[in-house]
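Chain residues, written in single-letter form:
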Amino acid sequence: MMKVALLAVACFALAVQGASIRFQNTYGNNMVLQKAPQFAHVWGYATTNDKVTVKLDDQSFPATVRGDVWSVTFPAQKAGGPHTITAQGTASGSATLTNVMFGDVYVCSGQSNMQFTVHSAFNATTEIAEAAKYPQIRVFTVGTGNISLTPLSELASFTQPWSVASPDSIGKNDWGYFSAVCWFYGKYLADANPGLPIGLISTNWGGTYVQAWSSPNALAKCKKEIEEQQDSPIYASASMYDAAGAPNPNQPSVLYNAMIVPFLGQTIFGALWYQGEANAGDAKGYACMFPAMISDWRTEWNNQFPFFFVQLAPWTAGAGTAVADTRQAQLEALKLPGVGFATAVDLGDVSSPQGNIHPRDKQTVGARLLLSARAIAYKQTDVVYRGPEFVSVQFGTSGTTHTATVLFTELNGGLVLKPATCPTGVAAVNCANWAFLLSDGKWYPTSSATLDATSQHVIVSLSGAPAGATATGLRYAYSSWPQTTVFSKANLPAIPFEYTK
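The structure contained in this document is the topic of the report that follows. None of these values were measured; they are calculated from a predicted model. Residues take numbers from 1 onward in each chain, read along the sequence in its written order. The model is predicted, so local features are restricted to residues of pLDDT at least 70 and side-chain atom pairs to those at 80 or more, both for listing and for counting; the totals for chains, interfaces and linings are taken over all residues. Note that water and hydrogens are dropped before the side-chain values are worked out from all heavy atoms of the structure.

Elements are defined by DSSP. Helices are runs of H or I of four residues or more, strands are runs of E of two residues or more, and each kind is numbered from the N terminus. Secondary structure summary: the protein contains twelve helices and 27 strands in total. What you see for the protein is a C-alpha radius of gyration of 25 Å, in line with the 23 Å of a compact globule of 501 residues. By principal-axis analysis of the C-alpha atoms, the protein measures approximately 90 × 50 × 40 Å. Across the 501 residues in the protein, those meeting the buried criterion constitute 55%. In this treatment the radius of gyration is a C-alpha quantity, and the globule benchmark scales as 2.2 Å times the residue count to the 0.38 power. Relative accessibility decides the category of a residue: with a 1.4 Å probe and only protein chains considered, values under 20% of the type maximum give buried, values over 50% give exposed, and everything between is partly exposed.

Okay, here's the thing in C-alpha cells:
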C-alpha cells in the first residue's frame with residue numbers, strides 16, 4: 001500500500017495538468033519567507049503553460065512558467081508582515097496565502113535528538129505555556145513515515161502545517177511536535193532579535209544514518225569510505241520495507257529525496273543538525289560523509305547558508321571509543337566555511353524517561369547553538385561561542401609519576417575545573433576523564449588534574465605507572481559518557497580530544 005502511495009507522489013507533478021492553481025505544499029498560510037538580503041522564492045502548479053501573475057500585497061510579479069510549474073522570486077523584503085500572496089492564473093483560477101511573514105528561515109534536521117519534542121524536555125509545562133508569547137515564530141513539522149528512492153517534488157505528507165507558535169503548536173506530545181532543539185534555538189533567537197519573524201522547519205527521523213539524508217552525489221564523494229564499511233554490523237542490510245510494510249528509512253538518500261528535496265525551492269537562512277548516534281562505529285566514514293552532505297545541501301539549495309550542528313551528548317553506548325570517535329569525526333565539518341557547533345558533551349541525563357541517549361536539557365543545546373549563530377551567521381564579534389580546545393601537551397616524568405601540561409585555546413578569561421563523577425547507573429567502562437597512553441600501548445585513566453597559577457593550563461598527573469614507561473598520548477573526556485571537568489569562565493565545556501605522538 002505504501003509503495004503505491006510513494007509512486008503516486010513521485011508522479012504527482014505529471015498529474016496536475018489541467019488542475020486549479022496552487023502553491024507547492026511546503027508553502028502555507030502563517031509561514032515565514034526569507035527576508036532581505038536574500039530573495040524569497042515561491043512556486044507551485046497550474047494548468048500547463050498558463051499565464052500566472054503573483055501578487056505580494058499590492059505588488060504584481062509575472063511568474064516564470066515551465067509546463068505546469070510556475071515560480072517567482074520576490075525582490076528582497078524587509079522583516080515583518082503580515083502579508084498576503086496570491087497566485088492568479090488566466091486559466092487556472094487563483095490561490096492565496098495569508099498571514100505570511102518575512103524573516104529568517106531555518107531547517108532543523110537529523111535523528112531522534114532533533115525529533116525530541118518540547119513536551120519531553122525539562123520544564124515542559126512552563127516552556128509550552130510560554131510559546132504563546134512568540135507569535136512571530138512560525139513552525140512546520142514534516143513527521144516520519146515517508147521515504148522515496150527518487151527525489152520528490154513535494155512532501156508525501158506532513159504532520160504539522162505552518163502554524164503560529166502557541167501552546168498547541170509547540171507542545172503537542174512526545175515525538176510529535178515540536179522539536180525542542182529547534183524551538184529553543186528559535187525562541188532564544190527571537191529574544192535576541194525582538195520583532196524578527198522566524199520560520200522553523202522540523203524534518204527529522206529517529207535512528208537514521210547520515211547516508212539517508214545525503215544525495216547520491218554527496219555519497220559518491222565518500223565511495224572509498226563507504227565501501228570499507230559496507231559489511232559493518234552497524235549498517236545491517238535491510239529491504240526497503242519490513243515484513244509489516246513499514247518503510248525503512250536507513251537506505252541511502254531516501255530521506256534526502258522525501259524530506260529535504262521538497263524544500264529546495266524555498267530560500268532559507270540556515271540549518272541546524274543533530275545526528276550521528278546511528279553512525280557511531282564508523283568515524284572514518286562519518287568524517288567524510290557529514291561534510292560532504294553539508295556541501296551538497298548548499299549546492300542543491302544554491303545557497304551557502306550557515307550550518308550548525310550538535311556534538312553528541314553522553315549515553316551508555318558501551319565500552320570502547322566509538323561514540324568519542326564519532327564526536328571527533330563531527331568536527332571535520334568545521335573545516336567548511338560558515339559551520340559552527342554546540343557541544344552537548346556535558347549534558348548527560350541518566351534518568352531521562354526517553355532513554356539516556358535523549359537528554360532532556362535541550363534549552364542549553366539551543367542556547368549554545370545560538371551563540372555559534374550570533375558569531376558566525378549574524379557577525380557579532382563580541383560573542384564567546386566556543387569552549388576550550390586542545391592545542392598542545394608537554395609530558396614530564398618523575399619516577400613512576402607522569403605529568404601532562406595541557407594548553408588550550410578559546411580560554412575566554414581562563415579555565416575552570418569542576419568536579420565530575422560517573423553517575424549511578426552508568427558503568428565505569430562508559431566513563432572517562434583523563435587517560436595517559438604509555439609506551440606499553442595501554443591507556444591509564446586518572447582524575448588528578450589541577451590548574452597552573454595563571455588558569456591557562458591544566459596539569460594532569462598519573463601515579464604508579466609501570467617502571468620505565470614513557471607517555472605517548474593523552475585523552476580527555478574520551479568515552480561514551482565523558483566526565484567533563486574543564487570549562488571556560490564563560491561556562492562552556494572543553495571539547496573532548498585524543499592526542500598521540
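After presenting the structure, the write-up continues.
Here the focus is unusual backbone geometry. Note on backbone geometry: most residues besides glycine have negative phi, and most peptide bonds are trans. Each neighbour pair has its own omega, and for A36 with P37 the value is 10°, a cis peptide bond. Tracing the backbone through its elements, the reader meets P37 in the loop between β2 (32–34) and β3 (41–45). Here the amide bond leading from Y177 into F178 is cis, since omega sits at 15°, within 30 degrees of zero. Counting through the fold element by element, F178 comes out in the loop between α5 (167–170) and α6 (180–192). You will see that N99, though not glycine, has its phi angle at about 55°, which is positive. With respect to the element layout, N99 can be found in strand β9 (residues 93–110). Residue N99 is classed as partly exposed on the basis of its relative accessible area of 25%. Positioned with a positive phi, N491 is a non-glycine residue whose angle comes to about 65°.

Before going further, it helps to examine the state of the cysteines. Note on terminology: pairs of cysteine sulfur atoms within 2.5 Å are recorded as disulfides. If you walk through the whole model with that rule in mind, you get three disulfides. Between the sulfur of C108 and that of C182 lies a disulfide, 2.1 Å long from S to S. The S-S bond linking C108 to C182 shows a torsion near 65°; that makes this disulfide right-handed. With a gap of 74 residues between them, C108 in strand β9 and C182 in helix α6 connect regions that are remote in the sequence. The class for C182 is buried, based on a relative accessible area of 0%.

A separate point is the sheet that holds strand β22 (residues 448–451). Strand-to-strand pairing in sheets goes through backbone hydrogen bonds, with the strands running parallel or antiparallel. If DSSP finds at least two bridges between two strands, the strands pair. In spatial order, the strands read β16-β17-β23-β22; together these four strands make up an open sheet with antiparallel pairing. The open sheet has two edge strands, β16 (389–398) and β22, and neither has a second partner. Pairwise comparison of adjacent strand axes, ignoring direction, gives a mean angle of 25° for this sheet. By the bridge criterion, nine bridges tie β16 to strand β17 (residues 401–409) in an arrangement that is antiparallel. Bridging from a neighbouring strand, V393 pairs with V406 of β17. Only the stretch in contact is used when a helix axis is fitted, and all axes are lines through C-alpha atoms; the angle between N-to-C directions ranges over 0 to 180 degrees.

What follows covers α6. The span expected for a helix works out to 1.5 Å for each residue beyond the first. Given a rise of 1.5 Å per residue, 13 residues ought to cover 18 Å, and the 18 Å separating the end C-alpha atoms of α6 matches this to within 8%. When you tally the buried positions in α6, you get eleven out of 13 residues, the bulk of the element. Burial in α6 covers these residues: A180, V181, C182, W183, F184, Y185, G186, K187, Y188, L189 and A190. Identification of polar contacts relies on pairs of N or O atoms within 3.5 Å, with a donor-acceptor requirement for protein atoms, meaning one able to donate a hydrogen and the other able to accept it, and with residues adjacent in sequence counted only if both atoms are side-chain atoms. Its side-chain oxygen 3.2 Å from the backbone nitrogen of C182, S179 forms the N-cap of α6.

The next subject is the side chain of D50. As for its position among the elements, D50 is in the loop between β3 and β4 (52–56). Buried and unpaired, D50 has K51 as its nearest opposite-charge partner, separated by 9.1 Å. Of the polar contacts made by the side chain of D50, one reaches the backbone nitrogen of A91; its length is 3.0 Å. Positive charges are assigned to Lys and Arg, negative charges to Asp and Glu, while His and the chain termini are left out of the count. Note on definitions: salt bridges are taken to be side-chain nitrogens of Lys or Arg within 4 Å of carboxyl oxygens of Asp or Glu.

Before going further, it helps to spend a moment on the packing of aromatic side chains. Stacked, tilted and edge-to-face pairs are distinguished by plane angle, under 30 degrees for stacked and over 60 for edge-to-face with tilted covering the rest, among Phe, Tyr and Trp rings (Trp via its six-membered ring) whose centres lie within 6.5 Å. Throughout the structure, instances matching the rule amount to 31 aromatic pairs. Taking 5.7 Å as the distance between ring centres and 45° as the angle between the ring planes, the aromatic pair formed by F390 and Y499 counts as tilted. Separated by 109 residues along the polypeptide, F390 in strand β16 and Y499 in strand β27 (residues 497–500) bring together distant segments of the chain. Pairing W434 with F497 gives two aromatic rings, centres 6.1 Å apart and planes at 70°, and the pair type is edge-to-face.

Attention now goes to the pattern of salt bridges. Summed over all chains, the structure comprises ten salt bridges. Put simply, K187 and E130 hold a salt bridge, and the shortest N to O gap is 2.9 Å. With K187 in helix α6 and E130 in helix α4 (residues 124–130), this pair connects stretches of sequence that are 57 residues apart. On the basis of relative accessible area, K187 is assigned to the buried category, the value being 5%. Ionic pairing is found between E332 and K335, a salt bridge with its closest N-O pair at 2.8 Å. Given a relative accessible area of 64%, K335 falls into the exposed group. What you see here is one network of salt bridges that share partners, running through E127, E130 and K187.

Relative to the assigned elements, Q304 resides in the loop between α10 (283–301) and β14 (307–311). Of the residues examined, Q304 reaches a relative accessible area of 58% and is grouped as exposed. Expressed as a C-alpha distance, the spacing of Q304 and D191, which sit 113 residues apart in the sequence, is 26 Å.

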